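So the chains spell out like this:
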Protein chains: 2
Amino acid sequence: MSKVISEITMSLDGYIAGPNNTVDNPLGDDGQRLHQWVHDLFSWREQHGGAGGESNADDEIIKESIDATGATILGRGMFSNGEGPWGDDPFRGHWGDNPPYHHPVFVLTSHPREPLPMEGGTTFYFITDGIESALDQAREAAGDKAVNIAGGANAIRQYLAAGLIDQLQVHIAPMLLGGGTRLFDGIDASGIALEPERVIASPAVTHIRYRVSKVS
Amino acid sequence: MSKVISEITMSLDGYIAGPNNTVDNPLGDDGQRLHQWVHDLFSWREQHGGAGGESNADDEIIKESIDATGATILGRGMFSNGEGPWGDDPFRGHWGDNPPYHHPVFVLTSHPREPLPMEGGTTFYFITDGIESALDQAREAAGDKAVNIAGGANAIRQYLAAGLIDQLQVHIAPMLLGGGTRLFDGIDASGIALEPERVIASPAVTHIRYRVSKVS
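In this report, we go over the structure that sits alongside the text. (Residues numbered from 1 in each chain as written. Chains lettered and ligands numbered in written order. Predicted model: local features only at pLDDT ≥ 70, side-chain atom pairs only at ≥ 80, totals over all residues. Heavy atoms only, no water.)

What follows covers the side chain of A:Glu7. Residue and element names in this part refer to chain A. Mapping Glu-7 onto the fold places it in strand β1 (residues 4-11). Among buried charged residues, Glu-7 stands out as having no salt bridge; its nearest opposite-charge side chain is Arg-198, 7.4 Å away. Within the structure, Glu-7 has its side chain in polar contact with the side chain of Ser-65 (distance 2.6 Å). A distance of 3.4 Å separates a polar atom in the side chain of Glu-7 from a polar atom in the side chain of Gln-169. (Helix = DSSP H or I, 4+ residues; strand = E, 2+ residues; numbered from the N terminus. Buried < 20%, exposed > 50% of the residue type's maximum accessible area, 1.4 Å probe, protein only. Lys, Arg positive; Asp, Glu negative; His and termini not counted. Salt bridge = Lys/Arg side-chain N within 4 Å of Asp/Glu carboxyl O. Polar contact = N/O pair within 3.5 Å; in protein donor to acceptor, adjacent residues only side chain to side chain.)

Structural data, given as structure tokens:
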């Protein structure tokens, strides 16, 4: 059965977005600094249709994650940041015609909608019957590869609290944001056990990968 | 001039004490789990007057810190956890007659008091005129060695916000506490720059050492 992984960049003070984050400013004030480490990497640029970029330890982490993932689950907010119209002119995400996933993507939402095929192998499926249903469908789609719970924080928290994530990789960015959205806010942490299984450090970020289990 | 260092164990969700922490329960519910990694280490046990213990990568981190430190600064709460009587029978800390510091310790407080010499080389000095004065006196006492801002969270936050800490080592414990006291809560993070300069990982904890600077 597909492994369920999740990974996210977090500031040392625990934020995955800065203060005043809204639909139109999803990373919040100064939040784009969190992701500076990734934007010049070869694998990230290739995934997003760009050329060139750096190959280093951080790039290997990104490449590993891209290669491992066969299906992605997104919270509604991750899909609809920069909200567009629905109905006859449905919102097509904020990545353009060729989103960077290149595999099936399952969007948690309360709006039923037909699947939306995009260029480059990405199809968005809109799942209205809960996180477990989304995971079942994503596992089916992922085959031998992993299902990646790609965010936002709320989706990751729900899967974590339900004991459905096998591996969590936190990219700790060396900064204090001082406010915003905390990854682990309001989570019922009881019974969630973390075991560090790999740490890779670069000058830009510290990648800690945890094996996650839930003791009920 | 003495380097100013600080190090503290923090859960992955950012807590340095669990929920419901009080004077009588300073680490809060489940907070003692944060420090499990340290209690069996040879250097920690030796510092606390115990024998035996493990020598491993975590132990080397503790030994390094003990060897580097020439003076310690404590917030009032760190000294007076488990509050005792003052006056004729002054509270002598909660470590017993031979505290684990074995060097001068400067306690931030609003209660003026004579210095309190203890066994084993520790003398507590009670500083009522602010964090900069405490640091000046600690630097004088530390000589060529470092001044360690040993906590609690409030003392570390004050020195950090003032740009007075040169090196911050965070021991990230693989657990979610779900509530309690967050190390970085309410800190004015503006202008504080962190640069990871060393990461050491063990199965028990991830030690990230940051060089800290403040751009005003």
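The rest of the description comes next.
This part is about the interface of chain A and chain B. In many reports, interface size means the accessible area that the parts give up when they come together. With 27 residues of chain A at the contact, the number on the chain B side is 26 residues. Summed over both sides, the interface between chain A and chain B buries roughly 2200 Å², with carbon and sulfur atoms accounting for 71% of that surface. Considering only the side of chain A, the residues that lose the most area to chain B are A:Leu12, A:Leu176 and A:Arg182, jointly responsible for 28% of the buried surface there. Applying the counting rule to chain A against chain B returns two salt bridges. Among the salt bridges present, the one from A:Asp185 reaches B:Arg182, with a minimum N-O distance of 3.1 Å. Between chain A and chain B we count two residue pairs in polar contact (both at pLDDT 80 or more) in total. Those elements that provide at least two residues to the side of chain A that touches chain B are β8 (167-173), β10 (192-201) and β11 (206-214) of chain A. With five residues, the top contributor of residues to the side of chain A that touches chain B is β10(A). For the side of chain A that touches chain B, a count of residues per class yields 21 nonpolar, three polar and three charged. (Contact = heavy atoms within 4.5 Å. Buried area = accessible area lost by both parts, 1.4 Å probe. Nonpolar A, V, L, I, M, F, W, Y, C, P; charged D, E, K, R; others polar.)

In screw terms, the move from chain A to chain B is a rotation of 180° and a rise of 0.0 Å along the axis, fitting with an RMSD of 0.0 Å. The transformation relating the two chain copies, once decomposed into turn and shift, fits a two-fold axis. Closest to the rotation axis within chain A is the C-alpha of A:Gly14, separated from it by 3.1 Å. (Least-squares fit on C-alpha atoms with pLDDT ≥ 70 in both.)

A few words on the packing of aromatic side chains. Taken as a whole and assessed by the stated rule, the structure comprises 14 aromatic pairs over all chains. Plain terms: the ring middles of A:Phe79 and A:Trp95 are 6.2 Å apart, the flat faces sit at 50° to each other, and that makes the pair tilted. Placement of the pair is A:Phe79 in helix α4 (residues 76-80) and A:Trp95 in the loop between α4 and β4 (104-108), with a sequence separation of 16 residues. With centroids separated by 6.5 Å and ring planes inclined at 80°, the aromatic side chains of B:Tyr101 and B:Phe124 adopt a geometry described as edge-to-face. Of the two residues, B:Tyr101 is situated in the loop between α4 (76-80) and β4 (104-108) and B:Phe124 in strand β6 (residues 123-127); the sequence distance between them amounts to 23 residues. The exposure classification of B:Tyr101 matches that of B:Phe124, with both residues buried. Members of the aromatic cluster, each reached through a chain of ring pairs, are A:Phe79, A:Trp95, A:Tyr101, A:Phe124 and A:Phe126. (Phe/Tyr/Trp six-rings, centres within 6.5 Å; stacked < 30°, edge-to-face > 60°.)

Attention now moves to the pattern of salt bridges. Across all of its chains, the model carries 14 salt bridges over all chains by this definition. The residue A:Asp30 makes a salt bridge to A:Arg33 at a minimum N-O spacing of 3.0 Å. By relative accessible area, which is 35% here, A:Asp30 ends up partly exposed. Taking the shortest distance from any N to any O, the salt bridge between B:Glu197 and B:Arg211 comes out at 2.9 Å. Pair noted here: B:Glu197 is in strand β10 (residues 192-201) and B:Arg211 is in strand β11 (residues 206-214), with a separation of 14 residues, a long-range link. The network of salt bridges with shared partners includes A:Glu195, A:Glu197, A:Arg209 and A:Arg211.

Below, the discussion takes up helix α5 (residues 131-142) of chain B. All names here are of chain B. Compared with an ideal rise of 1.5 Å per residue, which puts twelve residues at 16 Å, α5 spans 16 Å between its outermost C-alpha atoms and is within 8% of the ideal. Among all positions in α5, only Ile-131, Ser-133, Ala-134, Leu-135, Ala-138, Arg-139 and Ala-142 are buried. The elements touched by buried residues of α5 are β1 (4-11), β3 (69-74), β4, β6, β7 (146-151) and α6 (153-161). Two residues or fewer after α5 comes Gly-143, characterised by a positive phi angle close to 60°. (Expected span 1.5 Å × (residues − 1).)

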